[in-house]
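# Remarks on the overall topology
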Amino acid sequence: MHNNSSLLGQITQKILNNQNNQTEKTVNQTATVGEQKKPEFIHPILTTKDFKETIKQYNLYVKKYNIEVWKLNAKVRDYNLKVKRFRKGLQQNMEAKVREEIWKKQHRSYPPKEYNKLVEKYNTNRDGWYLQKRNLREEVKKESEKVFIAILHQLNQQLYKRKQIRKRLGVHIAAEMPKVDIYPNKITTIERDGYTNLPVSKNTFRHHRERLEEARVLVDYEFKGSKRAVKMRINPEILTLTDNKTPKSTATENQSFNSVGTKKVVHDNVSSRTLSDKNKIRDERSLLPQTDNNCTGTSTGTPNKQDSEKNFSGENLKPVSEKLLSVLEDQTDVCKDLAAGDYNDYSPIFKKYIHEEALRGSMLQEDFKELAIQDILKFSARLFGKMEVHPGSWQNAYKYWLQDKFISPNGYVLSKPIIAERWEKSLKVLKEAYKYQKNNPEWDIRYPSIYFDTARTHKEESSFEYAYRFFRLEKKPAKSKKARKLEHLRNSRKHTDLKKAQKAARKYVQGQINLQSVFEYVEHNCNAEIFEQITEIIKKEFNKIHRQK
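Definitions and cut-offs
- Sequence order as written defines residue numbering, which begins from 1 separately in each chain.
- Owing to the predicted nature of the model, reporting of local features is limited to residues with pLDDT of at least 70; listing and counting of side-chain atom pairs is limited to 80 or more, with chain, interface and lining totals taken over all residues.
- Computation of side-chain values covers all heavy atoms of the structure but excludes hydrogens and water.
- Strands are treated as partners if at least two bridges between them are detected by DSSP.
- Helix and strand definitions follow DSSP, with helices as H or I runs of at least four residues and strands as E runs of at least two, each counted in order from the N terminus.
- Only C-alpha atoms enter the line fits that serve as axes; for helices the fit covers just the stretch in contact. Angles between N-to-C directions range over 0 to 180 degrees.
- Here, residues are in contact when the closest pair of their heavy atoms is within 4.5 Å.
- In what follows, roughly perpendicular refers to angles from 65 to 115 degrees, roughly parallel to angles under 35, roughly antiparallel to angles over 145, and oblique to any angle outside these ranges.
- Two helices that cross are described as forming a left-handed crossing if the nearer one is turned anticlockwise from the farther one by less than a right angle, and a right-handed crossing if clockwise.
- When residues are grouped by polarity, Ala, Val, Leu, Ile, Met, Phe, Trp, Tyr, Cys and Pro land in nonpolar, Asp, Glu, Lys and Arg in charged, and all others, Gly among them, in polar.
- Patch criteria: residues need more than 30% relative accessible area and no salt bridge. Like-charged residues are merged within 9 Å; nonpolar side chains of Val, Leu, Ile, Met, Phe, Trp and Tyr are merged within 5 Å.
- To measure how exposed things are, a 1.4 Å probe is used in the Shrake-Rupley method; for residues, cover is taken only from the protein chains shown.
- A carboxyl oxygen of Asp or Glu within 4 Å of a side-chain nitrogen of Lys or Arg is what we treat as a salt bridge.
- Under the scheme applied here, a residue whose accessible area is under 20% of the maximum for its type counts as buried, over 50% as exposed, and between as partly exposed, the area being computed with a 1.4 Å probe on protein chains only.
- As used in this record, nonpolar core signifies buried Ala, Val, Leu, Ile, Met, Phe, Trp, Tyr and Cys residues forming a set joined through side-chain atoms within 4.5 Å.
- The directions considered for the arc are those from the helix axis to the C-beta atoms.

Read across the sheet, three strands follow the order S4-S8-S7 without closing on themselves; strand pairing throughout is antiparallel. Lying at the two open borders of the sheet, with one neighbouring strand each, are strand S4 (180–182) and strand S7 (218–222). Adjacent strand axes in the sheet meet at a mean angle of 35°, parallel and antiparallel pairs treated alike. Sitting on the sheet, helix H7 (residues 144–169) is in contact with S4, S7 and strand S8 (230–234), with an inclination near 125° to S4. The strands touched by helix H9 (residues 202–214) are S4, S7 and S8; relative to S7, the strand with the most contacts, the crossing angle is about 115°.

Direction vectors running N to C along helix H5 (residues 94–107) and helix H6 (residues 112–125) enclose 155°, while the axes themselves pass 11 Å from each other. Taken together, the axes of H5 and H6 lie roughly antiparallel to each other. For H5 against H6, the interelement crossing comes out right-handed. Residues Arg99, Glu100, Trp103, Lys104 and His107 of H5 lie in contact with H6, whose contacting residues are Tyr115, Leu118, Val119 and Tyr122. Here the residues of the contact of H5 with H6 are counted per class, giving five nonpolar, one polar and three charged.

So, about a nonpolar patch on the surface. Taken together, the side chains of Phe86, Leu90 and Trp129 present a nonpolar region at the surface, about 220 Å² in accessible area. Note on placement: tryptophan 129 falls in the loop between H6 and H7. On the basis of relative accessible area, tryptophan 129 is assigned to the partly exposed category, the value being 31%.

Core analysis: the biggest nonpolar cluster contains 47 residues, and Trp423, Tyr451 and Phe452 have the highest contact counts within it. Looking at this core, the elements with two or more residues in it are helix H12 (320–327), helix H13 (331–340), helix H14 (351–360), helix H15 (365–380), helix H16 (391–404), helix H17 (416–439) and helix H19 (464–469). If you tally residues by element for this core, the top one is H17, at eight residues. Dropping the residues within four chain positions of it, phenylalanine 452 is found in contact with Leu377, Ser380, Phe384, Trp394, Ala397, Tyr400, Trp401, Leu430 and Phe464.

Tyr353, Ile354, Glu357 and Ala358 are the residues of H14 that are buried. Within H14, the buried residues cover an arc of 135° as seen down the axis, which keeps them to one side. Of the exposed residues in H14, those oriented more than 90 degrees away from the buried face are Lys352, Leu359 and Arg360. As for H14, its buried residues are in contact with H12, H15 and H17.

Below, the structure is given as structure tokens:
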């Protein structure tokens, strides 16, 4: 696996070298920003310090720009002052007023310079000062700073996803910064803590974006259709970034793949996540209820002192994705703690955070899947509270689920919304199982390795898999013929989209297109589930071509 990722990195390096040769032949742009060579980064990130520095540089840049605009419009202000003085005592009939309004409407689409020349001609022909000129440029308003901050947040999300994807593929190559994808609908409707991020209309947002473009805060405008985002760069004079380099060398042919966060153990291939402080992770309770509640809703514990302190610290301001990742523990440690009974009064992660991550989060599907497995197994610990369970029994149950659960028929990890749905159903099944155990003390539950064995699906085996398959809280009506047809069409579309994604992945592996082009093509031409699986598709296509050679 390490060798495959290393070869993927080498392919990307060759593609980038070819692109650098082509960019040297491009025509020089008139803007000074375009003339500079664009900086390259391995894993660019926006830290809190970078964010503050960028806002500071933005405000300095805008102040200087507004002063220059004010100077540029000096003659226009003088001219318009004469018009105001002339019209102060002027009495016009209705016909003259209508004629002026018609003239303004006919010429409103002209650029400021041409419009001002026509105004001078109009006023000269009528021997007076009737119409005012337009400003040659408009100053950047204070409200535009909010739009710029929203665009910065959008860039930060893009960089985080880009870093996760490239690390997963083992691509640690210095490359040009991607442009910001500016979706007016998305940026203006996104919510944080129940409040709209930027409560303005699309037209207002577009107006501010055009004003920032005119001021050269945003540069390199790129438009690829009304259904895609407008792509632009933030002026390098304003933007401050940190390159979170993983390897020391980035351009050598014999690149080595660095496993970040996990490492392989030889004897049983168990993932052992390198966590510096296990106790810190266990105390990350901002995603869990403040008191441990069992299925009956009665309190069985008191909040930890460290947890209550953490709620008032800066930790609870981290994005949901980072919080969920911090809750994710090492597999071996989880199994040991389960065997020790540490999770007999465990309360699951809040449904709100699970659904928020599934819809808008940046966690990888594999991490989200493993978090779901850990949460379900921890919640199930109360079923085995009166038994002496060896860690190996929990270890086997964990392995079964990693191998068989939350997997599609074609071998890919399911999309996060589907994982969240099945996660929630699994917790409901366990709640009902606990109620049944409480009302039927004679029920003899099997050990976790048997109870959670995905191969045990029969009623007499008393397994989780059987309970999950036949679990019903409410009866659902049969699907209509129209709904079944739509489902069939979606499945057909999914198969076609998979073929498209595989074709794009082959082109990347063969060195015909770059990695960013693959992701953009799949994002805009395939469904969301295929886009979530693109890294796995690339790896499978790479393995196919590599085996043929």
